[in-house]
Amino acid sequence: MGEWLAVNGEAIYGTRPWVRAEGETDSGHPVRFTQDENGRFAVIFGDLTSGSLRLLDVGPETINSVELLGHGSVPWQRDGPDLIVELPEDNSLKVAYTLVLR
């Protein structure tokens, strides 16, 4: 848990729930949303594989960049209210991943 928080704590400490606290991916992985003054966080639970990940209904808000905590910027695109993110091949955390939407 400490190792995970060392990488992803930004999405936990000093945050509050986003307008909608829960969501999911198109493959059924649960997502929890938090936010702070610097952006919105999407914590995706489960062992993900590399490739495309679709976050369902992240809303119409403007997104200028997407970052995977512990990795850096990742390619992304909007598809209506959904967000499609390309995950890197080196997924080293197998419990939960955090995306920062700015």
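Keep in mind the model is a prediction, meaning the values are calculated, not measured.

Calculation notes
- Residues numbered from 1 in each chain as written.
- Predicted model: local features only at pLDDT ≥ 70, side-chain atom pairs only at ≥ 80, totals over all residues.
- Heavy atoms only, no water.
- Helix = DSSP H or I, 4+ residues; strand = E, 2+ residues; numbered from the N terminus.
- Buried < 20%, exposed > 50% of the residue type's maximum accessible area, 1.4 Å probe, protein only.
- Areas by Shrake-Rupley, 256 points an atom, 1.4 Å probe, with all protein chains shown as cover.
- Lys, Arg positive; Asp, Glu negative; His and termini not counted.
- Charge placed at Lys NZ, Arg CZ, Asp CG, Glu CD.
- Core = buried A, V, L, I, M, F, W, Y, C linked by side-chain atoms within 4.5 Å.
- Contact = heavy atoms within 4.5 Å.
- Pairing = 2+ DSSP bridges.
- Axes fitted to C-alpha atoms, helices over the stretch in contact; angles between N-to-C directions.

Novice: Just checking my understanding: could you explain the overall build of the protein chain for this structure?
Specialist: Check the secondary structure of the protein chain and you find one helix and nine strands. Listing the helices and strands of the protein chain from first to last along the sequence gives α-β-β-β-β-β-β-β-β-β. Scored against the burial criterion, the 102 residues of the protein chain give a buried share of 42%. In the form shown here, the protein chain has an accessible surface area of approximately 5500 Å², with 51% of it arising from carbon and sulfur atoms. Averaging the locations of the 8 positively and 16 negatively charged side chains of the protein chain gives two centres separated by 5 Å.

Novice: What am I meant to see in the nonpolar core here?
Specialist: Side chains of nonpolar character tend, in soluble globular proteins, to be buried together. With 19 residues, the main nonpolar core has Ile44, Leu55, Val66, Leu83, Val85 and Leu99 as its most contacted residues. Setting aside residues up to four positions removed in sequence, valine 66 forms contacts with Ser73, Val74, Trp76, Leu83, Val85, Leu99, Val100 and Leu101. Grouped together as the second largest cluster of nonpolar side chains are seven residues, Trp4, Ala11, Phe41 and Val43 included.

Novice: What should I look at first to understand the sheet that holds strand E7 (residues 76-79) in this one?
Specialist: Working definition: the strands of a sheet are paired by backbone hydrogen bonds and lie parallel or antiparallel to each other. If you trace the three strands from one edge of the open sheet to the other, you get E4-E8-E7, paired in antiparallel fashion. Bordering the open sheet on either side are strand E4 (51-55) and E7, each of which pairs with just one other strand. Taking each pair of neighbouring strands and ignoring which way they run, the sheet shows an average axis angle of 25°. Pairing of E4 with strand E8 (residues 82-87) involves five bridges; the strand directions are antiparallel. From the neighbouring strand, leucine 53 faces E8, where its bridge partner is valine 85.

Novice: Explanation requested: the sheet that holds strand E9 (residues 96-101) in the structure shown.
Specialist: Spatially, the six strands line up as an open sheet ordered E1-E2-E3-E9-E5-E6, and their pairing is antiparallel. The open sheet has two free edges, formed respectively by strand E1 (16-24) and strand E6 (72-73), since each of these has just one partner strand. Across five bridges, E1 lies against strand E2 (residues 30-36) in antiparallel orientation. In the strand pairing of E2, glutamate 24 is matched with proline 30.

Keep in mind these values describe shape, not function.
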